[in-house]
Each structure stands twice: as structure tokens, then as C-alpha cells.
Amino acid sequence: MDSVQGDSGGATGAQALYFDGLSNTRRPVTIAFSDQLDIRQDGSIVARWAYSDIRRSDSPAGILRVACLSAPPLARLEIRDATLAAKLASRSTELDAHHLGRRGVARIVGWSLAAAISIIVVVLFGVPLAADRLAPLVPKALERRIGDAAEAQIKGLFGAKVCGDREGQAAFSTLVNRLHAAAGFDGPLESAVLSTSVPNAFALPGGKVFLLKGLLEKAESPDEIAGVLAHELGHVKHHDNMRALIHNGGTSFLVGLLFGDITGSGALIFASRSLVEASYSREAEEGADTFAIEVMRALGRSPKPMAELMFRVTGKEGSGFTILSSHPLTEDRLARMGKEERPVTGAPLLTAEEWKALKAICGSAAKT
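Residues numbered from 1 in each chain as written. Predicted model: local features only at pLDDT ≥ 70, side-chain atom pairs only at ≥ 80, totals over all residues. Heavy atoms only, no water.

Trainee: It is not clear to me how the nonpolar core should be interpreted in this structure. Could you clarify?
Mentor: Nonpolar side chains in soluble globular proteins tend to end up buried together. If you look at the biggest cluster of nonpolar residues, it comprises 41 residues, and the most contacted ones within it are Leu-175, Leu-179, Leu-211, Ile-225, Leu-229 and Leu-358. Ignoring any residue separated from it by four or fewer positions in sequence, one finds Leu-229 in contact with Phe-172, Leu-175, Val-176, Leu-179, Val-209 and Leu-211. Counting residues in hydrophobic clusters, the runner-up holds 22 residues, among them Tyr-18, Val-29, Leu-64 and Leu-84. (Core = buried A, V, L, I, M, F, W, Y, C linked by side-chain atoms within 4.5 Å. Buried < 20%, exposed > 50% of the residue type's maximum accessible area, 1.4 Å probe, protein only. Contact = heavy atoms within 4.5 Å.)

Encoded structure:
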């Protein structure tokens, strides 16, 4: 047995401090090197540690702090004498087996940064590309189910009901049917006016387009409403809702993965916003505007009234909150519509009587 005597502070002859892992008592001990490390207090062995089980623990400079795999998890031995520490280190062949050290920490930090950068790249480039490719492939039945669920949530959110005045509904159907034909849709289209004062119009998956009473009240002509509805038809045609749903859901999951929240709650929040707030990308908005221009031209009408209505809502009343304000409505859009204006060659979309009836569509009791 190789016994080493010295004084590291504490009790006379103590070479180290021992924590048994069962209490917070600091115990001055001596150590002896035999086939195992003997830890003694007052001449009695209090612990024996196999050299192969000894591992380095984090410690301040000038102190060797070790633990033992076969000892209680919190047991520690602290040695301050450099010579004694070197002797123990020379016998403990696995001393640094699980100790990271500076290079290990640097490696972990490097891989973590690489993973974070990879996720960010996927969010910025991969998710949008996947959304563009997958949205047109979503089965129509699934789109309708998503649209039905979103419709129920939106009606509950706004406390809205479908405006059901008979003459107003007939006028609205006339306008929607003309837009539907001019747009060249090959699938069914569901549309309605909802009795809420929010000035907005939006599309949902499954061919659903809704006009809110608040926007209808601010409109001054059928062409203004027709342009807005044509814009929303563009979102339906281009599957913008499903693209936003896939994009926002995928982004939420990856951001949650990056920051440690992968419960799915973030994905649900982003997905709901994509449907309720119609938070399309600028590219989607420009595409829907282009579609509206083409539809209004096919009808022989000007697209500019649509932009005038949108600017009237957001430009003069931009300080108030509306869902419509989530769209990038600017003077640039109004300028673009002005440049696209052509001489009106088509017949009025609604007669004066039909327009009056449409404006009063929510005047009677609404139905669910």
C-alpha cells in the first residue's frame, strides 16, 4: 500500500475533503493508494474507490475534484495538493472519460450552431418551397374539411351570422356568379355575406369566400365589391390558404424545435392566424391582385375601384385595427390599379336596384 501523508487544510494530517453524497458534511480525510483508493477518516476506511470508476468533476483551478461511478451520485473527493492529485491522476486511467474539456464544449457549441443555422435555412427556403409544391396536392375533401372548421371558428370569433335578405342574397349571387364565370373556375364556390362590422373579405380552403358587412357598408359601387371578391377568388385559385397553412405550421414546428417547444401549440397558433387573419405573403397578395385585374378586364370593368375601397379602409382609417390591415395595402397598390385601368366596355355588374338590395342584405334577421 502506498500511503501519502500531508496537510491540505482542515484536520491535522488531512489530505483531502470528502463528501459522502448523503449529507452536506465536509469530512477531512487521508487517502492511500493500494489496489483501490482508500479514503480514511480517523484511521478508519470510510470508502474504497476503484481507480477505473473514478471520474473528474468540474472544479476551480488548483483543485482536483473527483467522483466515483460506484459511489453515491453526489459523493465527491477534493484534493488540493498538486503532487497527491498527480498520483491519483496517474492511477485513474478513465479519469477524463466523460469530461468534455474546452475542446468538447467547443465541439458541442459548434454542432449546436450548425443545427440552428440548418433549421433557419430550412425555414427561410425549404418550408416555402415545400408549401408551394404540396398545397395543390392536398385532396379537395381535406380542403373542404379544413375550410368548414375554419368557417365555424370565424363565425364564433366574430359572432357573425349569414345575412339572408332574399333580394340582397339574389343580388349577391348574381355578382358572384358573374365573377365565377369570368374567373374560369372549374369547381364549386361557396360565398356569403356575414353580419359583422369588421371591414374585410377573406377566402378559406375548400372554395369558400366571405364578404363582411363592415366592408360592404364602406363600398360605393358594385365594382369595388367585385374587385375585392375577385381578389379573394385569386387566393382560392392559387391555393394560398393551404400554402400559408403548410408554411406557418412547418415554420412553427421548426422554430419550436429550435427553442425547445415541440408540443404543437405554436403550430396551432400560426395555422389559426393564417386562416383568420389572411396573412398571405406579399407574393400571394400580388398574385391575387393580378388575378383580380384579369377577372375585371374579362368583365369589361376597371380594377381600380377595388384598390380605392381598400385604400379607403386602411389609408384613412389605418390607426384602427382591422383584419384587412394585415394585407400589405399601400399607395403602390392603388397606383398599380390605376395603371391597369382601361375604358369600361362591359355592362354594369349590378343594376341600381340590385346594388341597393345588396347594400341592405343584412337589414333583415340573419340566419346561421
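Trainee: Just checking my understanding: could you explain the packing of helix α4 (residues 166-183) against helix α12 (residues 352-359) for this structure?
Mentor: The relative placement of two packed helices is expressed as an angle between their axes plus a distance between the axes. Between α4 and α12, the shortest axis-to-axis distance is 7 Å and the interhelical angle comes to 115°. Overall, the two elements α4 and α12 adopt an arrangement that is roughly perpendicular. As α4 runs across α12, the sense of the crossing is left-handed. Of the residues in α12, those touching α4 at Glu-167, Gly-168, Ala-171, Phe-172, Thr-174 and Leu-175 are Glu-354, Ala-357 and Leu-358. Among the residues forming the contact of α4 with α12, the class breakdown is 5 nonpolar, 2 polar and 2 charged. (Axes fitted to C-alpha atoms, helices over the stretch in contact; angles between N-to-C directions. Helix = DSSP H or I, 4+ residues; strand = E, 2+ residues; numbered from the N terminus. Parallel < 35°, antiparallel > 145°, perpendicular 65-115°, else oblique. Left-handed = near helix turned anticlockwise from the far one by under 90°. Nonpolar A, V, L, I, M, F, W, Y, C, P; charged D, E, K, R; others polar.)

Trainee: Looking at this model, I keep getting lost on the layout of surface pockets. Mind explaining?
Mentor: In this approach a probe as big as a water molecule rolls over the atoms, and the regions it shows empty are the leftover space. One number sums up the size of the largest pocket: a volume of about 350 Å³. In terms of lining residues, the largest pocket is bounded by 19 residues, among which Lys-140, Pro-188, Gly-207, Val-236 and His-239 are the most central. Elements that contribute at least two residues to the lining of the largest pocket include exactly α3 (140-158), α6 (222-237) and α7 (240-259). Along the lines of polarity and charge, the residues of the lining of the largest pocket split into 7 nonpolar, 6 polar and 6 charged. (1 Å grid on protein atoms, 1.4 Å probe; cavity = no way out; pocket = protein on both sides within 12 Å on 5 of 7 lines; lining within 4 Å. Points joined across faces, edges and corners; volume = space filled by probe spheres on them.)

Trainee: So what exactly am I meant to see when it comes to the state of the cysteines here?
Mentor: Note on terminology: disulfide describes a covalent bond linking the sulfur atoms of two cysteines. Applying the stated criterion across every chain yields a total of 1 disulfide. Each sulfur in the disulfide pair Cys-163 and Cys-362 lies 1.7 Å from the other. Disulfide Cys-163 to Cys-362: torsion about the S-S bond roughly 90°, handedness right-handed. Of the two residues, Cys-163 is situated in the loop between α3 and α4 and Cys-362 in the segment after α12; the sequence distance between them amounts to 199 residues. Each member of the pair, Cys-163 as well as Cys-362, is classed as buried. (Disulfide = S-S within 2.5 Å.)

Trainee: What's the story with empty space enclosed by the protein in this structure? I'm lost.
Mentor: A complete count under the given rule lists 2 cavities of 30 Å³ or more for this structure. As a volume, the largest cavity reaches approximately 50 Å³. Broken down by element, the lining of the largest cavity gets its largest block of residues, 3 residues, from α4. Considered class by class, the residues forming the lining of the largest cavity number 7 nonpolar, 1 polar and no charged.

Trainee: Would you mind going over the pairing of strand β3 (residues 27-33) with me for this structure?
Mentor: Most of β3 sits out of view: 6 of its 7 residues are buried. In the sheet, strand β2 (residues 16-19) pairs with β3 via 3 bridges, with the strands oriented antiparallel. Looking across to β3, one finds that Leu-17 is bridged to Pro-28. For β3 and strand β4 (residues 37-41), the ladder comprises 4 bridges, and the chain directions are antiparallel. Residue pairing across strands places Ala-32 opposite Asp-38, the latter belonging to β4. (Pairing = 2+ DSSP bridges.)

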